[in-house]
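Remarks on the overall topology
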Protein chains: 12
Amino acid sequence: MARKVFILNGPNLNALGMREPGVYGSKTLQDIERDCRTYAETLELGIDFRQTNHEGVLVDWLHEANESAVGAAINPAAYGHTSIALHDAIRAISIPVVELHLSNIHAREPFRHKTMTAPVAVGVICGFGPTSYTLALQALANHIKDQ
Amino acid sequence: MARKVFILNGPNLNALGMREPGVYGSKTLQDIERDCRTYAETLELGIDFRQTNHEGVLVDWLHEANESAVGAAINPAAYGHTSIALHDAIRAISIPVVELHLSNIHAREPFRHKTMTAPVAVGVICGFGPTSYTLALQALANHIKDQ
Amino acid sequence: MARKVFILNGPNLNALGMREPGVYGSKTLQDIERDCRTYAETLELGIDFRQTNHEGVLVDWLHEANESAVGAAINPAAYGHTSIALHDAIRAISIPVVELHLSNIHAREPFRHKTMTAPVAVGVICGFGPTSYTLALQALANHIKDQ
Amino acid sequence: MARKVFILNGPNLNALGMREPGVYGSKTLQDIERDCRTYAETLELGIDFRQTNHEGVLVDWLHEANESAVGAAINPAAYGHTSIALHDAIRAISIPVVELHLSNIHAREPFRHKTMTAPVAVGVICGFGPTSYTLALQALANHIKDQ
Amino acid sequence: MARKVFILNGPNLNALGMREPGVYGSKTLQDIERDCRTYAETLELGIDFRQTNHEGVLVDWLHEANESAVGAAINPAAYGHTSIALHDAIRAISIPVVELHLSNIHAREPFRHKTMTAPVAVGVICGFGPTSYTLALQALANHIKDQ
Amino acid sequence: MARKVFILNGPNLNALGMREPGVYGSKTLQDIERDCRTYAETLELGIDFRQTNHEGVLVDWLHEANESAVGAAINPAAYGHTSIALHDAIRAISIPVVELHLSNIHAREPFRHKTMTAPVAVGVICGFGPTSYTLALQALANHIKDQ
Amino acid sequence: MARKVFILNGPNLNALGMREPGVYGSKTLQDIERDCRTYAETLELGIDFRQTNHEGVLVDWLHEANESAVGAAINPAAYGHTSIALHDAIRAISIPVVELHLSNIHAREPFRHKTMTAPVAVGVICGFGPTSYTLALQALANHIKDQ
Amino acid sequence: MARKVFILNGPNLNALGMREPGVYGSKTLQDIERDCRTYAETLELGIDFRQTNHEGVLVDWLHEANESAVGAAINPAAYGHTSIALHDAIRAISIPVVELHLSNIHAREPFRHKTMTAPVAVGVICGFGPTSYTLALQALANHIKDQ
Amino acid sequence: MARKVFILNGPNLNALGMREPGVYGSKTLQDIERDCRTYAETLELGIDFRQTNHEGVLVDWLHEANESAVGAAINPAAYGHTSIALHDAIRAISIPVVELHLSNIHAREPFRHKTMTAPVAVGVICGFGPTSYTLALQALANHIKDQ
Amino acid sequence: MARKVFILNGPNLNALGMREPGVYGSKTLQDIERDCRTYAETLELGIDFRQTNHEGVLVDWLHEANESAVGAAINPAAYGHTSIALHDAIRAISIPVVELHLSNIHAREPFRHKTMTAPVAVGVICGFGPTSYTLALQALANHIKDQ
Amino acid sequence: MARKVFILNGPNLNALGMREPGVYGSKTLQDIERDCRTYAETLELGIDFRQTNHEGVLVDWLHEANESAVGAAINPAAYGHTSIALHDAIRAISIPVVELHLSNIHAREPFRHKTMTAPVAVGVICGFGPTSYTLALQALANHIKDQ
Amino acid sequence: MARKVFILNGPNLNALGMREPGVYGSKTLQDIERDCRTYAETLELGIDFRQTNHEGVLVDWLHEANESAVGAAINPAAYGHTSIALHDAIRAISIPVVELHLSNIHAREPFRHKTMTAPVAVGVICGFGPTSYTLALQALANHIKDQ
């Protein structure tokens, strides 16, 4: 059976496609999930793709990932910029976590330049729209293979 | 049927009336809801009045408002000062949102002077106690009419 | 005879209508004064509506208001962001003062986010264009009635 | 019947024991709960011991504590450093609250040096590992007795 | 004929006596002027005592003082904390200027701790209520005598 | 008839010549006005040359310039470093405004490094003494011609 | 013979009881010493209880403690917020040091929120009045036992 | 003929392999170049791979890339954190530029958290060691295809 | 017998006269003590005039003053800018304390602009050289008389 | 033979004309050079016009200018905002240097508001597009004549 | 008789050898004193080598050095980073003072990067362990010889 | 053959002797090189003495030093205050590097107080003019001997 990775999505990503298409593009989160499934197969990975608007649920899911997955990609959206709880959750688990963002956070408002989760992630990918997800999967797969 | 607006209340507002009456007055949130219903009728608006202590639930409700209401008034309470998730939620939806606070946030501790939600709201009303709610309804009604 | 309130306007508001209509709308200050008079009558208030580009004159007028009015609404414009003199003037008088702004100051340049006058005002209303004035009158009338 | 105190635990404390043992020690939260029960008996206190990864749930529980307990000890973990909602919740209730941390927050990253909840708590205890809990219970018992 | 010194008073000092007596005392500016006249006689100085709410008028008067007086005492009030124009005016003239404040500016809000005029004044006296004026006259008289 | 430009001078510039000659040179403002008139003739411009110590008067004059001139050069002196009112006035009018300073503001105290008016001016010229005025006239003439 | 711990008290603690009883309570330092002795006996510890207003003496005593005691509790008072010398002294010695404060330093002026000594102490206890001392003794006893 | 992309490397990357292997890994820049060539072929891209310790040379090369390549990947190393010249160079050219870093810059010293080049790049990839290069090539290829 | 006031002098004031005469004048501390004695007699006050280079000794003396004097004037010199211990000492005692400085602290390095002791002093006098001492005595005498 | 001045241009100015025409206009650097030559002749100056993307080369050229020219105009572009080396180079040479910028640096991103070179230049001209160059030549010619 | 220099050592240096040998090395202060004596002889200097944990004593000794020595080397340790009193003491005396540190203060915590004493010292030497002392002696000897 | 050390000099040091002699003295860099050679012989070291105005060249030379020298002394001049590239270069090589400055950087402008290279150097010597070079050689020789 394929090893599984979690792909976790934070607040407002359920609104993708209708939310500021100029910034986030016109694909919906369902479109992205489908792209991820297709791409993950080529990497021989299964994926568990989820979205929530709740910081606490993201923490819960990271703990859960630690039990049932070999790695996680997270688009923490707004919570990534301020959440010490997510920082601690990533630190508390032993599987590798890759952080990704659809938009280039460095090209937006100053409060999006800082990420609280990045220092405990393996690495960060941002700015490539939906491609950020498949790049993150690729990065995660390489990292798992190298361990 | 009357057009509907959401009136959303953030953390600790359920404790209104007993919580620091010197700062927040002696009316309960139920009293305020009643005042809002009465006032909204004069504006020919229906209201959906809710309270939660959860940031994520406020995000969920804003998305829901976008589907079923013509506008929203929000007293984000504590979350208004720090929440990028609420900022993004207001930006992600297309109905107008008015921010309000019972107390004058500029007359309190420095960490209450800044509001993360205001830049994406239509405008802000603060400092008038329960009257802030009816002023917000009036402002929202005018804004909807002008669009 | 109707109780009187002062409505004081700070620098550059005389240019309203032609000044950056995208930010401030196309109504002139005379249009707004007319709206205020009409609205004030429904509140059984008389109004004394003035504009000046001089910080010192605003201070003078606040002192004068204390002698001959039951309250004041002030759109301090640029001076609201830096003037300790206006802060002190509002503190020095005993009638209630409501602060208002046409534009949403939180959605503009950082130097407009802070208001030096707000901490000593009853409350603040901003972002609703000319409606900010009538909301301020309503708020002031309620506050006077509650005292 | 023994008077009851709430012992509330914030995000990631469910991972205790496996999470960075070098920082947090090898005891699990269940071990600590057991120690607390034993110690509380000597103070003639009953305890209600809970953990959640959700900021909003901590707010809910503080309100609940106000109804059914004589005091609370809280290890807010990550949320203690940023949460105005928790600050307001502690201020909104009338029972005494003691803040505690397993690790010495002043010896860690700068973003852990500040605590938003401490200014409204009775006092703070940090750095003594699981002993922080029993010291907090002792402090709370003394405080209740002195009132 | 006695040498003359200017005693210049900034914004809101005309409200003295009724303005926050807890901070500024119950004497009016007229009382203080009378005290100054009496005290100045013992120093063999004549005084020209003025008040204005206008920053520009204070600048005008400092230039005027340079022509017709041997020194000046200034209570710049609110303008002292921010005015580069007053800073430049004091620097532009050749007579000595002593700065004074009724209240202890260091014991009040942070925005009153800094004074822009002090670096170009001879010295500063604050916190002694109306006595600050007579101390300033004494200091000025000594300074003139020592030159 | 020659097109007219306003040349507006802020606080303390009336003291030029006697005020810190080491910093500002020995020419008086009258000398500079004479130089400007001569130079303006070569550019086929008429000039209206004024000075005031009042921030509000500068705002008034900028509005007036908008009615009767084709451009303005302003030496805002001290007010340029802090005045949002001047910033707004320049933004509110449609004629081009060039900012100039006698001294090199970047070589002086930090509080002179920042200019609030520059972001809304066409450009800035500083550090060349009285020559700054004729350079500003030249720049203004070129700008008007290019429009 | 009982193992000995030092209890060191910094500046102004000799004034306890008369110094701001609203903040520090009405017990004198002698009362607290007596409480400590009684409590220490139950922990089978001897105590050496001292007070000084001199930063250098606190450094001397910490060095001395390293020679003749098994641990130390220190209430550094004012010096705790700024003293790198005390920070270095605690780091230079090998016995455990517990920091304590009578008042809740996080609920007071910002300059008391930071403690320079805490990062090198085992942990910190603050806000419980004289109980802070006995809690610190308890914490120290536990720490010594666990080593 | 294959379309060409530039892969530009900044200061000290010539020391790769021997320079802090714990941070940067044991591969040399030649190893990485070889990996890039192999990977680029699968993307049907040719590569021009260069390294320099000179900020000005990186600017020169970006201009050159604009003439002869369809995109660029840049590891600006140290210069990325401070160089406005590189920021301007990327902005001045019309081909897409992807920024990459071997190490996770957010997990290192604060002066590496900020990147001056990122706001004008398409996106950023960091933290994956040599894999960062192939991910950047993939991202660049996708971006070029989508244009 | 005359009521006594303490005049306390902080570090390096023993070097007065030889220490930077350009800043501090050529009088020695003995000269100033003599001036103070003479002046105090006219105020019917006795004085206890002391100097120390030790922060702790200043704290000790303030406590002593509280027992045996009716007020104190303090020139805290360098310690005034940073000492929380002196701040607390002045707060801990009930006699009035006047702060003074020989030089104008606002005209010197930024680290001398702030005074930690001023917020708890009655008021501050600075910049008048040795005259600062006699003005402080005068201020203190007035304050004691007014109580 | 005409006296010679250097006109030095920093990074990315070689891209002028194609680089962000909205900000920098459509003239190329060659166009500007031609304008400068023509204008310089009217001032009886020869010019040596150069461009480089290398900070070190600008330093080299300033030293060279000191040997063979009577003054220099420099458009340091990006390096002007951060380069202490250029600051030192201008300070190290004895000929006058005028700083210029095409765009109004105060109207752009905050990192362009500060100029490290301005404090050691004679003065600064910015915001007038290519006219900035001829104004700078005029300013330089006047300055040389006045020396 | 040999000219004498003072070598003054600040807080915690008496603990050298046992205090964090990883940072400060294994030599004791007595070892360093011996090295200094030997080295000073080669420079034909006598030395007076002292250590204290008291800031005030360092001030006293600097004054004493001014009377009986031709120069001083000071390792102010912790006090160097914050002491304005030491800054003033060095400024108040006329002999040259060289500052030294055993460790490289720039490679340690940010609060050790700043030195308050350095701006008034001749120069600073840090990071060379006990060799810092002999280098300081060498530097002092050269400086004295050059005067 | 003598072991070799590099002595590297940064921007503007080629102008030594004529550049601000009040700050840097009247010796030329050639004079200093001669002093270094003479002194190095007594230490049985050969030296390679170079100067450049290019940051990139300093990086190149540090890499070169790693191949052919046993240590390096560097006077990074202006680049030392900002260059992360030099920081990384020193970190990337394995030979010891000593940083030196002619002037006392702590006694100059704030932008010279910070050094980016110091944290990775063995130690720093500044303020002793040309003697800084020979002291650095001595420090380097000792360090090499101790390794």
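Here, the structure is the one placed above.
Residues numbered from 1 in each chain as written. Chains lettered and ligands numbered in written order. Predicted model: local features only at pLDDT ≥ 70, side-chain atom pairs only at ≥ 80, totals over all residues. Heavy atoms only, no water.

**Considerations on the overall build of chain A**
Rules: Secondary structure elements follow DSSP: runs of H or I no shorter than four residues count as helices, runs of E no shorter than two count as strands, and numbering proceeds from the N terminus. It is over C-alpha atoms that the radius of gyration is taken, and the globule rule equals 2.2 Å times the number of residues to the power 0.38. Relative accessibility thresholds used throughout: buried, under 20% of the residue-type maximum; exposed, over 50%; partly exposed, between the two (1.4 Å probe, protein chains only). Any pair of residues with heavy atoms lying within 4.5 Å of one another is described as a contacting pair. Using a 1.4 Å probe, accessible areas were evaluated by the Shrake-Rupley method; residue-level cover was limited to the displayed protein chains.
Per the secondary structure count, chain A includes five helices and five strands. Relative to a compact globule of 147 residues, whose C-alpha radius of gyration would be 15 Å, chain A shows 14 Å and is just as compact. When the 147 residues of chain A are sorted by exposure, 68% land in the buried category. Of all intrachain contacts in chain A linking residues separated by at least 6 positions in sequence, the fraction that spans at least 24 positions is 77%. With the model as given, the accessible surface of chain A reaches about 5,000 Å², and the carbon-plus-sulfur share is 51%.

**Thoughts on the sheet that holds strand β5 (residues 124–126) of chain G**
Selection criterion: Note: two strands are recorded as paired if DSSP finds a minimum of 2 bridges between them. Angles here are taken between N-to-C directions and fall from 0 to 180 degrees, while the axes themselves are lines fitted to C-alpha atoms, restricted in helices to the stretch in contact.
One open sheet accounts for 10 strands, arranged β2(D)-β1(D)-β3(D)-β4(D)-β5(D)-β5(G)-β4(G)-β3(G)-β1(G)-β2(G); its pairing is mixed. Looking at strand neighbours, the two that pair on one side only are β2 (45–51) of chain D together with β2 (45–51) of chain G, the edges of this open sheet. Taking each pair of neighbouring strands and ignoring which way they run, the sheet shows an average axis angle of 20°. Summarising the sheet, strand β3 (residues 71–75) of chain G and strand β4 (residues 97–101) of chain G pair through three bridges and their orientation is parallel. Within β4(G), the position partnered with Ile74(G) by the bridge is Glu99(G).

**Digging into the interface of chain H and chain A**
Our working rule: Once two parts are put together, the accessible area they lose, assessed with a 1.4 Å probe and summed over both, is termed the buried area. The salt bridge definition used is simple: a Lys or Arg side-chain nitrogen within 4 Å of an Asp or Glu carboxyl oxygen. Within 3.5 Å is the distance limit for a polar contact, defined as a pair of N or O atoms, with the added protein rule that one can donate a hydrogen and the other accept it, and that residues adjacent in sequence qualify only through two side-chain atoms. In this classification, the charged set is Asp, Glu, Lys and Arg, the nonpolar set is Ala, Val, Leu, Ile, Met, Phe, Trp, Tyr, Cys and Pro, and all remaining amino acids, among them Gly, are polar.
On the side of chain A, 20 residues touch chain H, which itself brings 20 residues to the contact. Both faces considered, chain H and chain A share a buried interface measuring about 1,700 Å² in area, 63% of it formed by carbon and sulfur atoms. There are zero salt bridges connecting chain H and chain A. At the boundary of chain H and chain A, one finds six residue pairs in polar contact (both at pLDDT 80 or more). When contributions to the side of chain H that touches chain A are tallied by element, the ones reaching two or more residues are β5 (124–126) and α5 (131–146) of chain H. If you tally residues by element for the side of chain H that touches chain A, the top one is α5(H), at five residues. Of the residues in the side of chain H that touches chain A, the class split is 12 nonpolar, eight polar and no charged. Where strand β5 (residues 124–126) of chain A lies against β5(H), three bridges are found, and the strand directions are antiparallel. When the sheet's bridge partners are listed, Val124(A) is paired in β5(H) with Cys126(H).

**Let's talk about the sheet that holds strand β4 (residues 97–101) of chain H**
In a beta sheet, neighbouring strands pair by backbone hydrogen bonds and run either parallel or antiparallel. Read across the open sheet, the 10 strands follow the order β2(A)-β1(A)-β3(A)-β4(A)-β5(A)-β5(H)-β4(H)-β3(H)-β1(H)-β2(H); overall the sheet is mixed. Since the sheet does not close on itself, it has two edges, and those belong to β2 (45–51) of chain A together with β2 (45–51) of chain H, each with one partner. Strand-to-strand, the axes of this sheet are offset by a mean angle of 20°, without reference to chain direction. On the sheet, helix α2 (residues 29–42) of chain A packs against β1 (3–9) and β2 of chain A and is oriented at approximately 165° with respect to β2(A). Sheet strands touched by α5(H): β5 of chain A together with β1 (3–9), β2, β3 (71–75), β4 and β5 of chain H. Its angle to β1(H), the strand with the most contacts, is close to 140°.

**Some details on the interface of chain L and chain H**
The partner chain H presents 17 residues to the 14 residues of chain L that form the contact. Of all residues in chain L, the largest losses of buried area upon contact with chain H belong to Ile84(L), Asp88(L) and Arg91(L), amounting jointly to 38% of the total for that side. At the surface where chain L touches chain H, the tally comes to two salt bridges. Arg112(H) is the salt-bridge partner of Asp88(L), the closest N and O atoms lying 2.8 Å from each other. Applying the counting criterion to the chain L and chain H interface returns seven residue pairs in polar contact (both at pLDDT 80 or more). Among the elements of the structure, α3 (55–68) and α4 (84–92) of chain L are those that each provide at least two residues to the side of chain L that touches chain H. In terms of residue class, the side of chain L that touches chain H is made up of seven nonpolar, three polar and four charged.

**Things to note about the environment of Tyr39(B)**
All names here are of chain B. Position of Tyr 39 among the secondary structure elements: in helix α2 (residues 29–42). Classification of Tyr 39 by relative accessible area gives partly exposed; the value is 23%. In this structure, the C-alpha to C-alpha distance between Tyr 39 and Thr 134, residues 95 residues apart in sequence, is 6.7 Å. When neighbours within four sequence positions are excluded, Tyr 39 is seen to be in contact with Thr 134, Leu 137 and Gln 138.

**Brief notes about the packing of helix α3 (residues 55–68) of chain F against helix α4 (residues 84–92) of chain F**
All names here are of chain F. Going by this rule: Each angle gets one of four labels, with under 35 degrees taken as roughly parallel, over 145 as roughly antiparallel, 65 to 115 as roughly perpendicular, and the rest as oblique.
Remark: α3 packs on α4, axes separated minimally by 9 Å, with the N-to-C direction vectors making an angle of 0°. The angle between the axes of α3 and α4 places the two elements in the roughly parallel class. Residues Glu 55, Leu 58, Val 59, Leu 62 and His 63 of α3 form the contact with α4, whose participating residues are Ala 85, Leu 86, Ala 89 and Ile 90. Across the contact of α3 with α4, the residue classes tally to seven nonpolar, one polar and one charged.

**Details of unusual backbone geometry**
Unlike most non-glycine residues, Ala77(E) shows phi in positive territory, near 50°. Position of Ala77(E) among the secondary structure elements: in the loop between β3 (71–75) and α4 (84–92). Relative accessible area serves as the criterion here: at 12%, Ala77(E) is assigned to the buried category. We note that Glu44(H) has phi near 60°; this positive angle belongs to a residue other than glycine. Among the structural elements, Glu44(H) can be located in the loop between α2 (29–42) and β2.

**Points about the relation of the copies chain H and chain A**
Look at the two chain copies: a rotation about an axis and a shift along it is all it takes to match them. The condition is simple: The copies were overlaid with a least-squares fit restricted to C-alpha atoms from residues scoring a pLDDT of at least 70 in each copy.
Least-squares fitting of chain H to chain A yields an RMSD of 0.0 Å, with the superposition described by an axial translation of 0.0 Å and a rotation of 180°. The transformation just described matches what one would write down for a two-fold rotation axis. Among all C-alpha atoms of chain H, that of Ile125(H) lies closest to the rotation axis, at 2.3 Å. Of the residues that chain H buries at the interface, 100% are likewise interface residues in chain A, meaning the two copies contact each other through the same surface.

**Regarding the arrangement of the chains**
Separated without contact, chain B and chain G have their nearest C-alpha atoms at a distance of 12 Å. One finds no contact linking chain B with chain K; the least C-alpha distance across the pair is 26 Å.

**Regarding the packing of aromatic side chains**
Residue and element names in this part refer to chain F. What counts is decided by this rule: Ring pairs shown here join Phe, Tyr and Trp side chains whose ring centres sit within 6.5 Å, with only the six-membered ring taken for Trp; geometry is labelled stacked below 30 degrees between planes, edge-to-face above 60, and tilted in between.
A complete count under the given rule lists 12 aromatic pairs over all chains for this structure. Between Phe 49 and Tyr 133 the ring centres are 6.3 Å apart and the planes differ by 35°, which places this aromatic pair in the tilted class. Of this pair, Phe 49 sits in strand β2 (residues 45–51) while Tyr 133 is found in helix α5 (residues 131–146), placing the two residues 84 residues apart along the sequence. Each of the two residues, Phe 49 as well as Tyr 133, counts as buried.

**Some thoughts on helix α4 (residues 84–92) of chain I**
Most of α4(I) sits inside the fold, with eight of its nine residues counted as buried. In the core, the buried residues of α4(I) are packed alongside α3 (55–68) and β4 (97–101) of chain I.

**A word on the packing of helix α2 (residues 29–42) of chain G against helix α5 (residues 131–146) of chain G**
All names here are of chain G. Definition in use: Note: crossing handedness is left-handed where the near helix turns anticlockwise from the far helix by less than a right angle, and right-handed where it turns clockwise.
Interhelical geometry of α2 versus α5 gives an angle of 30° and a closest axis separation of 9 Å. One element, α2, and the other, α5, form an angle in the roughly parallel class. α5 is crossed by α2, and the crossing has right-handed handedness. Every residue of α5 that contacts α2 at Leu 29, Ile 32, Asp 35, Cys 36, Tyr 39 and Ala 40 is listed here: Tyr 133, Thr 134, Leu 137 and Gln 138. Here the contact of α2 with α5 is composed, by residue class, of seven nonpolar, two polar and one charged.

**Here's the deal with the relation of the copies chain L and chain H**
Once chain L has been moved 0.0 Å along the axis and rotated by 120°, it coincides with chain H to within an RMSD of 0.0 Å. What the rotation and shift describe, once combined, is the action of a three-fold rotation axis. Different-surface contact between copies: only 7% of interface residues of chain L are shared with the interface of chain H.

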